[in-house]
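# Structure assessment
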Amino acid sequence: MQIWFDGEPIADSHRPVLLFETHLPTRFYLPAEDIRLERLTASVTTTRCPYKGIASYWSGLLSDGTVRPDIAWSYRDPIEEMPKIKGLIAFYPQAVDRIHLDGEPVA
C-alpha cells in the first residue's frame, strides 16, 4: 500500500490493516514505522466513535510550509473489541493525492 501527499509518497506499507465498516469505504490502517512522520503533525482534533473509541488526528505538512488539517487519524487506546488498530494511522482518501493497494488505485 502506498499513499501520496503533496506530490510525493508519504507512506509505503506491506502490512496494512483493512477495516470494513457498514456504509463506509474500506479504511487502511498503517503502522507508524511505514509512514513519513516528519510530514505529519499532531492535531488538537479528537472525535469519538462508539465502535472504536477516541480518535486523535494528524495534519499534513505541505512543502510550501502550510498545513492541511486532519488528513489522518489513529486510535491510541481503542475499545477492547478493536485491538488490531491500536496505534495505527489511517488517511482520508480525499485529503491525500492518491492511495494504491497492490499497485492499483483505490477509488
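Each remark here, short or long, concerns the structure printed above.
Quick summary incoming for the structure in this document. (Residues numbered from 1 in each chain as written. Predicted model: local features only at pLDDT ≥ 70, side-chain atom pairs only at ≥ 80, totals over all residues. Heavy atoms only, no water.)

## A few points about the nonpolar core
Here is the rule: The definition of a nonpolar core used throughout is a set of buried Ala, Val, Leu, Ile, Met, Phe, Trp, Tyr and Cys residues joined through side-chain atoms within 4.5 Å. Between buried and exposed lies partly exposed: a residue is buried under 20% and exposed over 50% of the maximum accessible area for its type, with that area taken using a 1.4 Å probe on protein chains only. Runs of E in the DSSP output that reach at least two residues are strands. Runs of H or I that reach at least four are helices, and both are numbered from the N terminus. Here a residue-residue contact requires only that any non-hydrogen atoms of the pair lie within 4.5 Å.
Residues I3, I71 and F91 are the most contacted members of the largest nonpolar core, which totals 18 residues. For this core, the secondary structure elements donating two or more residues are β1 (2-5), β2 (8-12), β4 (27-30), β7 (67-74) and β8 (89-91). Every residue in contact with F91, bar those within four places of it in the chain, is listed here: I3, I10, F28, L30, I35, L40, I71, A72, W73, V96 and I99. One finds Y29, Y75, L88 and A90 within the second-largest nonpolar core, a separate group that totals 11 residues.

## Here's the deal with the sheet that holds β4
Hydrogen bonding along the main chain pairs the strands of a sheet, whether they run parallel or antiparallel. Selection rule: We treat two strands as partners when DSSP finds at least two bridges between them. Orientation is described by lines fitted to C-alpha atoms, with helices fitted over the stretch in contact, and by angles between N-to-C directions that extend from 0 to 180 degrees.
Spatially, β3-β4-β8-β7-β6-β5 is the arrangement adopted by the 6 strands of the open sheet, whose pairing is antiparallel. Among the strands making up the open sheet, the edge pair consists of β3 (17-19) and β5 (40-49). Each strand axis lies, on average, 35 degrees off the axis of its neighbour in the sheet, ignoring direction. By the bridge criterion, 2 bridges tie β4 to β8 in an arrangement that is antiparallel. Its bridge partner being in β8, L30 is matched across the sheet by I89.

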